[in-house]
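Structural overview for review
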Amino acid sequence: MTLLRFQPIQGKSIDIIDAILQTEEVAPVADAWNQLSVVVEELVLNIVDYSHSDYLDVELMRDDKNLTLRFRDGGVPFNPLERKFPDFSIPMEDRKIGGLGIFMVIQYMDEVAYEHTGGENILTVRKELKNL
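Residues numbered from 1 in each chain as written. Predicted model: local features only at pLDDT ≥ 70, side-chain atom pairs only at ≥ 80, totals over all residues. Heavy atoms only, no water.

1. Comments concerning the overall build of the protein chain
Along the backbone of the protein chain there are 3 helices and 5 strands. For the protein chain, with 132 residues in total, the buried portion stands at 42%. Counted over contacts in the protein chain with a minimum sequence separation of 6, partners at least 24 positions apart contribute 60%. With an accessible surface of roughly 7,900 Å², the protein chain has 50% of that area assigned to carbon and sulfur atoms. (Helix = DSSP H or I, 4+ residues; strand = E, 2+ residues; numbered from the N terminus. Buried < 20%, exposed > 50% of the residue type's maximum accessible area, 1.4 Å probe, protein only. Contact = heavy atoms within 4.5 Å. Areas by Shrake-Rupley, 256 points an atom, 1.4 Å probe, with all protein chains shown as cover.)

The structure is reproduced here in structure tokens:
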């Protein structure tokens, strides 16, 4: 298990994303790396841009079958799973902005769970690993 602690500062998102993607848990996951990079980017950008937290902790756990990432921040309570997904029946130019990122997170991961406890937003995502 790896535990990373960041200050979610505007302009530092790329550094945070790179640090997560280069961990020993994520870097070797070739078959799902592209999807994981989209998920990590989406979640980090949302936390940095909207949480107003002074910290972001990311726990990474990997075993033979699963990779789990747990994002914790002390920001404004926000459950992204309650957000409405885009209506794909509406032409793209007529759709409201927002919701596509978390939709992709849910599509790419095998499990996504949110809780707000102890003053923290805790978002846990799990990806089943194949072809290792």
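2. Quick notes on the sheet that holds strand 4 (residues 111–117)
Here we have 5 strands laid out as an open sheet, ordered 1-2-3-5-4, and antiparallel in their pairing. Unpaired on one side and paired on the other, strand 1 (2–6) and strand 4 mark the two borders of the sheet. When the angles between neighbouring strand axes are averaged without regard to direction, this sheet yields 15°. Note that strand 1 and strand 2 (residues 56–62) share 5 bridges and pair antiparallel. Opposite Thr2, over in strand 2, you have Leu60 as the bridge partner. (Pairing = 2+ DSSP bridges. Axes fitted to C-alpha atoms, helices over the stretch in contact; angles between N-to-C directions.)

3. A look at the environment of Gly119
As for its placement among the helices and strands, Gly119 is situated in the loop between strand 4 and strand 5 (120–128). Taking the C-alpha atoms as reference points, Gly119 and Gly75, 44 residues apart in sequence, are found 8.0 Å from one another. Not counting the four nearest positions on each side in its chain, Gly119 is found in contact with Asp73 and Gly74.

4. Some details on unusual backbone geometry
In this model, His52 sits at a positive phi of 60°, which is unusual for a non-glycine residue. Residue placement: His52 occurs in the loop between helix 2 (33–50) and strand 2. Residue classification places His52 among the exposed residues on the basis of a relative accessible area of 68%.

5. Topic: the environment of Val26
When you line up the elements, Val26 lands in the loop between helix 1 (13–21) and helix 2. By relative accessible area, which is 1% here, Val26 ends up buried. Along the primary structure Val26 and Leu67 are separated by 41 residues, whereas in three dimensions their C-alpha atoms are 7.7 Å apart. Beyond its immediate stretch of four places on either side in the chain, Val26 contacts Ile20, Leu21, Trp33, Leu36, Leu60 and Leu67.

6. Focus on the side chain of Ser53
Along the chain, Ser53 falls in the loop between helix 2 and strand 2. Within the structure, Ser53 has its side chain in polar contact with the backbone oxygen of Tyr55 (distance 2.7 Å). The contacts of Ser53, once residues within four sequence positions are left out, are Pro8, Asp73, Gly74 and Gly75. (Polar contact = N/O pair within 3.5 Å; in protein donor to acceptor, adjacent residues only side chain to side chain.)

7. Some points on helix 2
End to end, helix 2 covers 25 Å across 18 residues, agreeing with the expected 26 Å (1.5 Å per residue, within 8%). Among all positions of helix 2, only Leu36, Ser37, Val39, Val40, Leu43, Val44, Ile47 and Val48 are buried. Here the buried residues of helix 2 occupy an arc of 165° about the axis, which is enough to place them on one side. Facing away from the buried surface of helix 2 by more than 90 degrees, the exposed residues are Asn34 and Tyr50. Just beyond helix 2, the residue with positive phi is His52, at close to 60°. (Expected span 1.5 Å × (residues − 1). Arc of directions from axis to C-beta.)

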